[in-house]
There are 2 protein chains.
Amino acid sequence: MLHKQRLFTPGPTPAPEETLLELAKPIFYHRSAEFRQILAEVEEDLKYVFCTRNPVVPLTSSGTGGMEAALVSCVPPGRKVICLISGRWGERWRNICKAFGFEAVNVTVAYGKAVEPSQLQQALAEHPDAAAVCATLSETATGVGNDIEAFGKLVAPTPALLVVDGISGLGVMECRTDEWHVDLCVTGSQKALMMPPGLAFVSVSDKAVKAMEQNTAVRAFYFDLRKAVAKLKENDTPWTSANTMIRALRVSLKRLRAEGIENVWARHSRLAEAARAGMQAVGLELFAERPASGLTVARVPAGLDGNELLRKLEKQYGLKFAGGQDTLKGKIIRLAHMGYCDQFDVLAALAGLELVLLEMGHPVEPGAAVAAAQRVFARAVKVSQVVAV
Amino acid sequence: MLHKQRLFTPGPTPAPEETLLELAKPIFYHRSAEFRQILAEVEEDLKYVFCTRNPVVPLTSSGTGGMEAALVSCVPPGRKVICLISGRWGERWRNICKAFGFEAVNVTVAYGKAVEPSQLQQALAEHPDAAAVCATLSETATGVGNDIEAFGKLVAPTPALLVVDGISGLGVMECRTDEWHVDLCVTGSQKALMMPPGLAFVSVSDKAVKAMEQNTAVRAFYFDLRKAVAKLKENDTPWTSANTMIRALRVSLKRLRAEGIENVWARHSRLAEAARAGMQAVGLELFAERPASGLTVARVPAGLDGNELLRKLEKQYGLKFAGGQDTLKGKIIRLAHMGYCDQFDVLAALAGLELVLLEMGHPVEPGAAVAAAQRVFARAVKVSQVVAV
């Protein structure tokens, strides 16, 4: 039977057809009025998505490059950094600190849990000399969303910068960069921004700019945000940017702007709620205690082979989910619904999941997952007045 | 009058239509057998283009990121680096050294000249403790080609690594990475490789691998080549790569392989020779004493406004040349003929140049430039035996 290929990995995610076609347009020069005009437009729309009035620096790199740029530009060598760790991506902050000789203070919770604001409060009290606090908006490894708003309230009155990995969260779930006192918010192109991987973005607050200016011992070149912020004032970049990607990003950003960022957040919330309802309806146990909106993570039922489950979804139905990483390999499945994803995509994913679980001998009432999801979607339908005949 | 847009900037350069269309294909997952297969193929073809048996690491960054990666991964902090500087791109090596606290020993020549091997010989004699020698294959700012083969002979017997910026030269002019003892050769996607900007590549010799292993004080994360080399053994990358670009690169690389790398070098030599002949035929003075094959640089004739010349080429004829940078701004024009460029493209560029020079009052015999170029191309025609009637 014909099955379309459907990508449900938590990055890369699908891109709209008109964005992909934009990537096929002829190559153009990057030091040109044409490019400066495009970058100015993209910058405006990025600020809208980030909910910030501050510059959002584009980098040609993966999201990890953006994380590194944020930290090395603002934190002087040898200084203390509080890392809030709820999974593999929080661990990346710790690893970046190690590579550059920052002293990481690790606040770690078990996989599946979110970091409690009280834990940060305690860490800040114990380490008033911390130069930065690193957090993760959406922990892609476990599907957990962290309470960035609460973190911001705690960090704002201190000298520390709040640095947030928003890679799989920004443009998916609420993240009000300025209002929540996020000094450096990082994202990548291949998630909510509906683009292929290759670009990262970092917003830079006034507090972060001051820290950069005082950071005279900075050891960075390609990722030196001071240069990038200065160049951005002329709608330019210090190094040759992936200019055809930035041109294509403009198309995806127009979509987000047309939908409206609060509607985008609401859409993802609804998709996540439907995915959770669907998975629970076939007896799966959710993994994240405080779930993010961009992906839904469930434990593989006891007795089932998680890798086999993923293989069957892909081979038999063209549905590409992701599994767990490192110690979670084989133990969880991850269904992403972020970016260019609508309610019927989620229904397809749940329908395939039902069929594979059934085939593998897991007790499933056919239609239970899709019906549960559909009930969530139905709540958004505005019923017309019934006209009496 | 209709004029097609023709891009003659020394990066980005045009890409073949089938490569651009590949970029418009649906996005796919990067941690997959599909991607590993693509990367394995790309890796083989990159080795062919680099003339190396060693790994060629793909990075998601501009070429500058590749230069940084080569240096920070292999050179311990505080060590001495000999920078051979023949222009703005040689100066970039010096600036990277400064940013990371390497002690740069600068060997500088005037713009338009190449670094003499004897200068390197002297620098190596004076600084036997140098950890690396940084050179530029094609100095894009001036159109000069440097004698990497001679540099390699001098560096090979020393403990220093030869690190070459091949960004606008590799895949254009002869560069036999292994045979010439280049330890780390860097290039970008947007030149000879006929792709948009966004990827960089670094070849890594055994000598470089040893240096990396001994460099325990390395301060790098995203650009740590040790991680990249290790992951490449599994046809994988440490961070989310720009996987759809790597898929498209495969298409461009197949073209290079089909043409044959020595034929590619010969094509660029011929294009460069024709461009030089054409420019000289209308009285322009060439800027580079030892010209590279990827671009041809001429001085703006006295009395003419160089910026106006470039503007007219673009506005009236759709021909996008590049001007000079920094202190060379307005003083030179740069015509790139690298990557997806054939002899009739060069003819179009020269034809437009003739017309604009004519319009600006520069004495030009119409047809002089194109005829001179055509005489170069005609030499490649194999004339059939004339059959006596």
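This one's a predicted model, so the numbers in the text were calculated from it and none came from an experiment. (Residues numbered from 1 in each chain as written. Chains lettered and ligands numbered in written order. Predicted model: local features only at pLDDT ≥ 70, side-chain atom pairs only at ≥ 80, totals over all residues. Heavy atoms only, no water.)

Counting its regular elements, chain A contains 13 helices and 14 strands. For 389 residues, the compact-globule estimate of 2.2 N^0.38 gives 21 Å, and the C-alpha radius of gyration of chain A, at 21 Å, lies within 12% of that figure. By its C-alpha atoms, chain A is 65 × 50 × 50 Å across when sized along the principal axes. Here chain A holds 389 residues, and 62% of them are scored as buried. Excluding contacts between residues fewer than 6 apart, the proportion of contacts in chain A whose partners are at least 24 apart in sequence is 73%. Summed over all atoms, the accessible surface of chain A reaches about 14800 Å², with 51% contributed by carbon and sulfur. In chain A, 44 side chains carry a positive charge and 41 a negative one; their mean positions are 2 Å apart. (Helix = DSSP H or I, 4+ residues; strand = E, 2+ residues; numbered from the N terminus. Rg over C-alpha atoms; globule rule 2.2 N^0.38 Å. Buried < 20%, exposed > 50% of the residue type's maximum accessible area, 1.4 Å probe, protein only. Contact = heavy atoms within 4.5 Å. Areas by Shrake-Rupley, 256 points an atom, 1.4 Å probe, with all protein chains shown as cover. Lys, Arg positive; Asp, Glu negative; His and termini not counted. Charge placed at Lys NZ, Arg CZ, Asp CG, Glu CD.)

Moving on to the packing of aromatic side chains. All chains considered together, the criterion is met by 15 aromatic pairs over all chains. By the ring-pair criterion, three or more aromatic residues cluster together here, those being A:Phe221, A:Tyr222, A:Phe223, A:Trp239, B:Phe221, B:Tyr222, B:Phe223 and B:Trp239. When the ring centre of A:Tyr48 is taken as reference, the NZ or CZ atom of A:Arg257 above it lies at 4.5 Å. (Phe/Tyr/Trp six-rings, centres within 6.5 Å; stacked < 30°, edge-to-face > 60°. Lys NZ or Arg CZ within 6 Å of the ring centre and 35° of its normal.)

If you look at the biggest cluster of nonpolar residues, it comprises 218 residues, and the most contacted ones within it are A:Leu71, A:Ile82, A:Leu184, B:Leu71, B:Ile82 and B:Leu184. In this structure A:Ile82 touches A:Val105, A:Val107, A:Leu120, A:Ala123, A:Leu124, A:His127, A:Ala130, A:Ala132, A:Val133 and A:Cys134, once residues within four positions along its chain are discounted. (Core = buried A, V, L, I, M, F, W, Y, C linked by side-chain atoms within 4.5 Å.)

Further remarks concern the relation of the copies chain A and chain B. In the superposition of chain A on chain B (RMSD 0.1 Å, axial shift 0.0 Å), the rotation amounts to 180°. Considering both components of the superposition, the chain copies are consistent with a two-fold axis. The residues that chain A uses at the interface reappear at the interface of chain B in 98% of cases, marking a shared surface. (Least-squares fit on C-alpha atoms with pLDDT ≥ 70 in both.)

With 51 residues of chain A at the interface, the matching set in chain B holds 50 residues. Note on chain A versus chain B: buried area summed over both sides is about 3700 Å², and carbon and sulfur give 71% of it. When the area that chain A buries against chain B is broken down by residue, the three leading residues are A:Ile27, A:Tyr29 and A:Phe221, summing to 20%. Taken together, the connections running from chain A to chain B amount to zero salt bridges. (Buried area = accessible area lost by both parts, 1.4 Å probe. Salt bridge = Lys/Arg side-chain N within 4 Å of Asp/Glu carboxyl O.)

For the rest of this paragraph, the subject is the pairing of strand β10 (residues 199-204) of chain B. Moving residue by residue along a regular strand, the side chains alternate between the two faces of the sheet. Residues and elements named next belong to chain B. In terms of residue burial, β10 counts as a mostly covered element, since six of its six residues are buried. The alternating pattern of β10 places Leu-199, Phe-201 and Ser-203 and Ala-200, Val-202 and Val-204 on opposite faces, both of which are buried. As defined by bridge partners, strand β2 (residues 56-60) adjoins β10 across five bridges and the pair is classed as antiparallel. Following the sheet pairing, Val-57 is matched in β10 by Val-202. (Pairing = 2+ DSSP bridges.)

Our next topic: the confidence of the model for chain A. Of all residues in chain A, 100% attain a pLDDT of 70 or more, and the chain-wide mean is 97. Model confidence for the complex: the whole-complex pTM is 0.97, and ipTM, which rates the interface, is 0.96. (pLDDT = per-residue confidence, 0-100.)

Let's shift gears to empty space enclosed by the protein. Evaluated as defined, the whole model comprises ten cavities of 30 Å³ or more. What the largest cavity holds in volume is close to 180 Å³. As for the largest cavity, its lining consists of 16 residues, of which A:His30, A:Thr240, B:Gly11, B:Trp89 and B:Gln325 are closest to the centre. The biggest single contributor to the lining of the largest cavity is helix α4 (residues 88-100) of chain B, with three residues. A class-by-class count of the residues in the lining of the largest cavity yields five nonpolar, six polar and five charged. (1 Å grid on protein atoms, 1.4 Å probe; cavity = no way out; pocket = protein on both sides within 12 Å on 5 of 7 lines; lining within 4 Å. Points joined across faces, edges and corners; volume = space filled by probe spheres on them. Nonpolar A, V, L, I, M, F, W, Y, C, P; charged D, E, K, R; others polar.)

Turning our eyes to something else, we now look at the side chain of A:Ser293. All names here are of chain A. Topologically, Ser-293 is positioned in the loop between α10 (261-281) and β11 (295-299). On the basis of relative accessible area, Ser-293 is assigned to the buried category, the value being 11%. Every residue in contact with Ser-293, bar those within four places of it in the chain, is listed here: Val-172, Met-173, His-268, Ser-269, Ala-272 and His-337.

Okay, the pattern of salt bridges next. This model, assessed by the stated rule, comprises 45 salt bridges over all chains. A:Asp326 is paired through a salt bridge with A:Arg88; the nearest N and O atoms lie 2.8 Å apart. Here A:Asp326 is found in the loop between β13 (322-323) and β14 (332-336), whereas its partner A:Arg88 is found in helix α4 (residues 88-100), with 238 residues between them in sequence. Under the relative-accessibility criterion, A:Asp326 is labelled partly exposed at 47%. With relative accessibility at 23%, the residue A:Arg88 sits in the partly exposed group. Between B:Arg379 and B:Glu273 there is a salt bridge, with its nearest N and O atoms 2.5 Å apart. In this pair, B:Arg379 sits in the segment after α13 (368-378) while B:Glu273 sits in helix α10 (residues 261-281), placing the two residues 106 residues apart along the sequence. By relative accessible area, B:Arg379 is classed as exposed at 58%.

Right, let's get into α10(B). Residues and elements named next belong to chain B. Given a rise of 1.5 Å per residue, 21 residues ought to cover 30 Å, and the 30 Å separating the end C-alpha atoms of α10 matches this to within 8%. Where the residues of α10 are buried, they touch α2 (33-50), α9 (243-259), β11 (295-299), β14 (332-336), α12 (343-359) and α13. Looking one or two places after α10, you find Gly-283, whose phi comes out positive at around 80°. (Expected span 1.5 Å × (residues − 1).)

This part is about the sheet that holds β11(B). Residues and elements named next belong to chain B. Taken in spatial order, the three strands make up an open sheet running β11-β14-β13, and their pairing is antiparallel. Among the strands making up the open sheet, the edge pair consists of β11 and β13 (322-323). Across five bridges, the pairing between β11 and β14 is antiparallel. Following the sheet pairing, Val-297 is matched in β14 by Arg-334.

Here we take up the pairing of strand β4 (residues 103-108) of chain A. In the sheet, strand β3 (residues 80-85) of chain A pairs with β4(A) via six bridges, with the strands oriented parallel. Residue pairing across strands places A:Leu84 opposite A:Val107, the latter belonging to β4(A).

Let's shift gears to helix α11 (residues 306-317) of chain A. All names here are of chain A. In a regular helix each residue adds 1.5 Å, so twelve residues correspond to 16 Å; α11 covers 16 Å between its end C-alpha atoms and thus fits that length. Among the residues making up α11, those that are buried are Gly-306, Leu-309, Leu-310, Lys-312, Leu-313 and Tyr-317. Each buried residue of α11 sits inside an arc of 160° when the element is viewed along its axis, so together they form one side. Once α11 finishes, Gly-318 follows within two positions and takes phi at roughly 70°, a positive value. (Arc of directions from axis to C-beta.)

What follows deals with the sheet that holds β14(A). All names here are of chain A. Here we have three strands laid out as an open sheet, ordered β11-β14-β13, and antiparallel in their pairing. Only two strands of the sheet have a single partner each, and these edge strands are β11 and β13. Packed onto the sheet, α10 meets β11 and β14 and runs at close to 15° relative to β11. (Axes fitted to C-alpha atoms, helices over the stretch in contact; angles between N-to-C directions.)

Cis geometry is found at the peptide bond from A:Gly11 to A:Pro12, where omega equals -10°. Mapped onto the fold, A:Pro12 is located in the loop between β1 (6-7) and α1 (17-23). Backbone geometry at B:His181 places phi at a positive 65°, although glycine is not the residue there. Residue placement: B:His181 occurs in the loop between β8 (161-165) and β9 (184-188).

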